[in-house]
Amino acid sequence: SQQGEEDPQALSIQEGENATMNCSYKTSINNLQWYRQNSGRGLVHLILIRSNEREKHSGRLRVTLDTSKKSSSLLITASRAADTASYFCAANHGSSNTGKLIFGQGTTLQVKP
Amino acid sequence: ETGVTQSPTHLIKTRGQQVTLRCSSQSGHNTVSWYQQALGQGPQFIFQYYREEENGRGNFPPRFSGLQFPNYSSELNVNALELDDSALYLCASSSLWTSGGTDTQYFGPGTRLTVL
């Protein structure tokens, strides 16, 4: 079963607007990772946030983590048409001694030019 | 470019056949993980190999098996293919922390398997 649940499932915005995607997970984590996927191709790593971090930035991306609520959010600022893709959060279990990632169902983002 | 490669890109098989998918990890990584992604779904963890030993397995039957070689390349083998095995198969390489857990996983472009 998927541990991560993402919200919304689909998001359509105009170029230049901000896009926010949310992710919830069920058990304690070592870290949470966000990935982008274009048209059924491989996953591109965007950002990793560790369980002891609350916020992280990378370019136009901002990720927050609230371990008390077991949730994370990804904000893409000043979106571009090239940001159109599916976005997934993936949790690395706190109790796991492996690199197993549990993915959410993903958010499909469409950015209209 | 992640430095992780997979072959073949696409593959068509018939039910009951066997298939081998290949992955070449990023240099310096000691761990390879395999994921299955059905259409419209998030990837599902199949198993992971660390220093040539299976190190964790998801909810997949034994007909899904794997190998990791000393040069950190890896294979995913699926026997007795079923229609539901049609999916995108992704491998990811990473470094496993000695304290447990993993750092960033770098994914290959995937192999699209169609079972008829």
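Scroll up to find the structure this text is about.
Analysis parameters
Residues numbered from 1 in each chain as written. Chains lettered and ligands numbered in written order. Predicted model: local features only at pLDDT ≥ 70, side-chain atom pairs only at ≥ 80, totals over all residues. Heavy atoms only, no water. Buried < 20%, exposed > 50% of the residue type's maximum accessible area, 1.4 Å probe, protein only. Helix = DSSP H or I, 4+ residues; strand = E, 2+ residues; numbered from the N terminus. Pairing = 2+ DSSP bridges. Phe/Tyr/Trp six-rings, centres within 6.5 Å; stacked < 30°, edge-to-face > 60°. Axes fitted to C-alpha atoms, helices over the stretch in contact; angles between N-to-C directions.

**Considerations on the pairing of strand β11 (residues 107-112) of chain A**
Residues and elements named next belong to chain A.
Here's step 1: Residues Thr 107, Leu 109 and Val 111 point to one face of β11 and are all buried, whereas Thr 108, Gln 110 and Lys 112, pointing to the other face, are not buried.
Here's step 2: Sheet topology note: the strand β2 (residues 10-14)/β11 ladder contains 5 bridges and is parallel. If you follow Ile 13 over to β11, its bridge partner there is Val 111.
Here's step 3: Two strands pair when backbone bridges link them, and strand β9 (residues 85-93) and β11 are joined in this way by 3 bridges, in the antiparallel orientation. From the neighbouring strand, Ala 85 faces β11, where its bridge partner is Leu 109.

**Structural notes on the packing of aromatic side chains**
Here's step 1: Here the structure, examined in full by the defined rule, presents 9 aromatic pairs over all chains.
Here's step 2: Relative to Phe 103 of chain A, the ring of Phe 88 of chain A has its centre 6.4 Å away and its plane inclined at 80°; by these criteria the two rings are edge-to-face. Note that Phe 88 of chain A is positioned in strand β9 and Phe 103 of chain A in strand β10 (residues 101-103), a separation of 15 residues in sequence. When sorted by exposure, Phe 88 of chain A lands in the same class as Phe 103 of chain A, which is buried.
Here's step 3: A centroid spacing of 5.6 Å and a plane angle of 85° characterise the contact between Phe 103 of chain A and Tyr 35 of chain B, whose relative ring orientation is edge-to-face. One end of the pair, Phe 103 of chain A, is in strand β10; the other, Tyr 35 of chain B, is in strand β4 (residues 31-37), on a second chain.
Here's step 4: A relative accessible area of 0% means that Phe 103 of chain A is categorised as buried.

**Remarks on the sheet that holds strand β7 (residues 64-68) of chain B**
Residues and elements named next belong to chain B.
Here's step 1: The strand order across the open sheet formed by 4 strands is β1-β3-β8-β7, and the pairing between neighbours is antiparallel. Edge positions in the sheet fall to β1 (5-7) and β7, since each of these pairs with one other strand and no more. Strand after strand, the sheet turns through a mean of 20° between neighbouring axes, direction not considered.
Here's step 2: Here β1 pairs with strand β3 (residues 19-24) via 3 bridges, running antiparallel. In the strand pairing of β3, Ser 7 is matched with Arg 22.

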